[in-house]
Every structure is written in C-alpha cells, then in structure tokens.
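What the coordinates show
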Amino acid sequence: MTSKSVRMIIGIDDTDSRDGMCTTYLCAFLRDEICSFAKILSEPVLIRLNPTIPFKTRGNASVAMLVQCSEPDVVVEHVTSVVASMSCLEDETTNPGVVFVTDDHFEKARHELVNFFRRAVKDVISIDEAKTIAVNLGLGFRMFKNGRGIIGALSACGAMLDPEWDHTYEYIAYREANVWGTPRIFNEGSIFEADRHTYPDTWDTVDLNNGVVVCVPHSKDPVLYGIRGKDTFSVKKASSYVRSEPVERVCIFRTNQGTDMHLIPVSKVFDIREMHSYILGGVVCSEPCTIRGGHTVFSLEDLNGDRIDCAAFEPTKNFRDIIRKLIPGDRVIVYGSVTERTVNIEKIRIIFLVSKYEAINPLCSGCGKRMKSAGMGQGYRCRKCGTSAKEKEILEVKRNIEKGFYEVPPCARRHLAKQLLRFNDSYVSVFPSR
Ligand code: ATP
C-alpha cells in the first residue's frame, strides 16, 4: 500500500545554550537532511517572540519549516531524534519543544495557532497553556525536560499558517563545526562593501556611525553572519560580497524581525504591564539624567498625570545624545519594552518641542556688551558705561534638536524593532540612525 503525500509544518524551539548550538542552525541542518526524503515547500520561518522573556538564551527565536512527505512518521522520528541528539540538553535552561502540524489540521488549527503566535510575540504564556492547545488541537508534539520550547514551537507553526504578518528576510551563513567557539574569521572591509552595495534593501549589516560590523555575532553559536533585508534577492546579493572563513551551509529565513510586531499601543501608564512592549505618548516631566553605567533616563507623564521612567541604555551610544537634549514639557512617543517599571527605548518620536529660556546678564544699551554682576543682590552694571539693571534678561535658547523620529543605532537594535527606513513615510525617515 502506498501512503498518501501530506504537508507538514515542523516547529522547533529552545535547543541551544549560551555555550553552543542555535535553533536556526538546527533548522538549517534538518532542512538539508530532510530534503533527501521530503520536499521542502517554502523558506523556513524564524520568528522572534516576546523580547522580555527571561528564559531566552539570546534573541528569543523559534523556527518552523513546511515539508511535503509520504511518510510523516519517518519525518517525525527523524526530527525528534536530531533534536534530542543536537540540543544542549545538559544545560539546565535548555528545554526543547517540537510541534508537528499535518495538513488535515491546517484549517481547524489555523485560527488558534495564528492567535497564539501573535500573543507569544507580545505576551507571556505558560507551558501548560501551550501544551493544552496542542493536545486539544490533536497536534503531534515532543517535549524534552520541562518542554518550555513548546511555546515557541507552537508559535512558529502559527506563523507558518498566518498569511498576513509583515515580514523581512535573513540570510544566515553557518560555520564549520570544527571552529565553533573560536573567533570568527572574516574580512571587515568586504562586509562594509556588502552594505554599500545593498543598503537600504538590506540593513543592520554594519553600524557606520560607530564603525562596527553588526551582522557577525560574538557568541559561541554556529552562526558566522546574518544579513537582514527586504527580500531574498537583496540578502543573497549582500552575502555575495562577504569574504570569510569557509561556510558550512546557509539558510534564508522569512522572519518578523524589523516589524515592531511586539509593540502594543497604549494611552495610559496605568495599562502598562511588566514584560510587555509598548508605544506610549506623553510629556517629558524630568530633565534627562545619565546614571551609573552611562544609561540616560527621563520620566514621562501621561494625560492622567501618571509617570514612568524611560531609558536609553549605554549600548545605544549616540542615541543618548538625542535623549539628553529633551527638556520637561517636550511631547514624545516612546517605543520599547518594559521591565522594572522602565521603558527601554528603541525609538522615539518627538512631537512637540517646548521653548527653552535662559536667564543671562543684561545687555548694556551703551556698548552692547553684557553687564557684570554688581555684587550680591545689587543687580548688574556695565563698568565701562556705568549703566545698570536690576534683573537678568530672559532669552529663548535654540534647542539644537528637531521634531521627528529617532532610533537607536544598528549596534543596539533589538531584533523585532522596525528600522525607520522600513516606515513608508518620508517625514519619518529624516533621522535614520546612519
Ligand atoms: P534559541 O536559539 O534556542 O531559540 P533563544 O534566545 O531564542 O534561543 P530559547 O532558548 O528558545 O531562547 O528560550 C526561550 C524560551 O522561552 C523558549 O522555551 C520559548 O518557548 C519560551 N518563550 C518564548 N516566547 C514566550 C512567551 N511569549 N511566553 C513564555 N515563554 C516564551
């Protein structure tokens, strides 16, 4: 009896640790293996989930691929055994989850999985809830250890079934296994060249203002570099300029990176919850101050008079210069995640700049120079002309900052944060970070 060919989505998450592996690598590896007994139907998806989740290893990513096969059981067994053998199971924080959705479930599971995906990007979800959904929908799944990875794996399946999400692409080149954990060898100039030839169709490859390569990670994982961009053509083109150590394999992912999918618009500070990410408008109500560690913080007040701290952290480098120029009374919209009652600013839109005044010594009507203090409580006097005045003059000072959108530099970009160059608004792209 020949079995019928079925389509199957395979979602995987939580396979790596800080000491090695990467779930995207495992996906690329599996795709290259599976293609000998199943057909790969589209590029895999790489989704970034709630960036505030404390269990994440690095960027809270999960992956899914869509295959067509005649023996789904063989694929399930193969994927399960590869995840079991390649995951960093010895690490306490690695708890893999794998979900299999066959096409007889696509329609009945679509609505719930799509919602689950969208919630997992914004919200905090329990392992129990994810497991209950998988059981109720009759999906195949495997949980290793506490199985927390089922949350990301289920979300990635939802992304594969979701026809509507904004997406970008990432071309990831992986290192040969014998060099994992050693310094990466690449020609820096070739990466700047890749950027020069493909920006703005690719982005965050380098950080021109800070003079650094951004697309090459420093961690021990198998990733050599990742080029992000608007389509597969552009990311491939950029990669063709890169000169580096040998590449073991490459994979192009469709991804929700650079989409702001994590942000929830709110109008009140009262509605803000820890471990969620927001777009919040308000009035600057304290002078920005730079605290230990180089982080610049100001307080934002909403229409009800409730306040929340907003911070440009030290890694955001020159972005802090913009924040330091704000003064009480300025109206802004901040974009970022909230932890410890502080918004970690990813972008800011300055809507209104309040006039700034300064009290300075009065002008002498005789010689046109500034008078000097005549002593404590005795006003001001021009020693040359003998003119005097009681009070300082109040003058409006130039603000040295313009209204508009500002973003952190590429070296501090969070995976999900949408680059200003991706906004279809010419007003918006006046102040991109390069
Ligand atoms: P990896 O490369 O392995 O994916 P990572 O930085 O993406 O590394 P994980 O190791 O996957 O992080 O750890 C994140 C864990 O958090 C996963 O188990 C995932 O299922 C879980 N998780 C993801 N999103 C949420 C969420 N919204 N609520 C609760 N848990 C989540």
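Scroll up a little and you will see the structure.
Residues numbered from 1 in each chain as written. Predicted model: local features only at pLDDT ≥ 70, side-chain atom pairs only at ≥ 80, totals over all residues. Heavy atoms only, no water.

We now examine the environment of Tyr174. If you trace the backbone, Tyr174 turns up in strand 7 (residues 168–175). Residue class for Tyr174 comes out buried when judged on its relative accessible area of 0%. For the pair formed by Tyr174 and Thr24, sequence separation is 150 residues and the distance between their alpha carbons is 9.7 Å. (Helix = DSSP H or I, 4+ residues; strand = E, 2+ residues; numbered from the N terminus. Buried < 20%, exposed > 50% of the residue type's maximum accessible area, 1.4 Å probe, protein only.)

A few words on unusual backbone geometry. The omega torsion of the bond from Tyr199 to Pro200 falls at 5 degrees, within 30 degrees of zero and hence cis. Position of Pro200 among the secondary structure elements: in the loop between helix 6 (188–198) and strand 8 (202–203). Its identity as a non-glycine residue notwithstanding, Lys145 has a phi of 55 degrees, on the positive side. Even without being a glycine, Asp204 presents a positive backbone phi close to 55 degrees. Within the secondary structure layout, Asp204 lies in the loop between strand 8 and strand 9 (206–207).

With that settled, the discussion passes to the side chain of Thr57. Position of Thr57 relative to the elements: it lies in the loop between strand 3 (45–48) and strand 4 (61–69). For Thr57, a relative accessible area of 13% puts it in the buried group. A polar contact of 2.9 Å, which involves the side chain of Thr57, links it to the side chain of Asp16. In contact with Thr57, other than residues within four places in its own chain, are Asp16, Ser17 and Arg18. (Polar contact = N/O pair within 3.5 Å; in protein donor to acceptor, adjacent residues only side chain to side chain. Contact = heavy atoms within 4.5 Å.)

In terms of nonpolar packing, the biggest core is built from 36 residues, with Ile9, Val99, Val101, Leu113, Ile150 and Leu154 touching the most fellow members. Looking at this core, the elements that each hand over two or more residues are strand 3, strand 4, strand 5 (97–102), helix 3 (106–122), helix 4 (127–136) and helix 5 (149–161). The biggest single contributor to this core is helix 5, with nine residues. In terms of nonpolar packing, the next biggest core, distinct from the first, is built from 35 residues, Ile10, Tyr25, Val83 and Tyr174 among them. (Core = buried A, V, L, I, M, F, W, Y, C linked by side-chain atoms within 4.5 Å.)

A full pass over the atoms with the stated rule returns 25 salt bridges. Across the pair Glu346 and Arg414 runs a salt bridge whose closest N-O atoms are separated by 3.5 Å. Of this pair, Glu346 sits in strand 19 (residues 342–352) while Arg414 sits in the segment after strand 25 (404–407), and the two are 68 residues apart along the sequence. According to the relative accessible area criterion, Glu346 is buried, its value standing at 4%. By relative accessible area, Arg414 is classed as partly exposed at 22%. (Salt bridge = Lys/Arg side-chain N within 4 Å of Asp/Glu carboxyl O.)

Our focus in this paragraph is the sheet that holds strand 21 (residues 372–373). The strand order 21-22-23 describes an open sheet built from three strands, whose pairing is antiparallel. Strands with a single pairing partner mark the edges of an open sheet, and in this sheet they are strand 21 and strand 23 (388–389). As defined by bridge partners, strand 22 (residues 380–381) adjoins strand 23 across two bridges and the pair is classed as antiparallel. By the bridge assignment, Tyr380 is partnered in strand 23 with Ala389. (Pairing = 2+ DSSP bridges.)

Right, let's get into the site of the ligand. Around the ligand lies a shell of 23 residues, among which Asp14, Asp16, Thr57, Arg58 and Ala61 are the nearest. The backbone of Gly149 places a nitrogen or oxygen atom 3.4 Å from an oxygen atom of the ligand. A distance of 3.0 Å separates an oxygen atom of the ligand from a polar backbone atom of Gly152. For the ligand, the protein covers 98% of the area, taking 620 Å² as the surface of the free molecule. The element best represented in the shell around the ligand is helix 5, accounting for three residues. Its residues placed into classes, the shell around the ligand shows eight nonpolar, eight polar and seven charged. (Near = heavy atom within 4 Å. Areas by Shrake-Rupley, 256 points an atom, 1.4 Å probe, with all protein chains shown as cover. Nonpolar A, V, L, I, M, F, W, Y, C, P; charged D, E, K, R; others polar.)

Tracing the backbone through its elements, the reader meets Ile279 in strand 14 (residues 276–284). Each C-alpha atom, one on Ile279 and one on Val114, is 23 Å from the other, the two residues being 165 residues apart in sequence. Sequence-distant contacts of Ile279, defined by excluding residues within four places in its chain, comprise Leu263, Ile264, Pro265, Val266, Ile333, Val334 and Tyr335.

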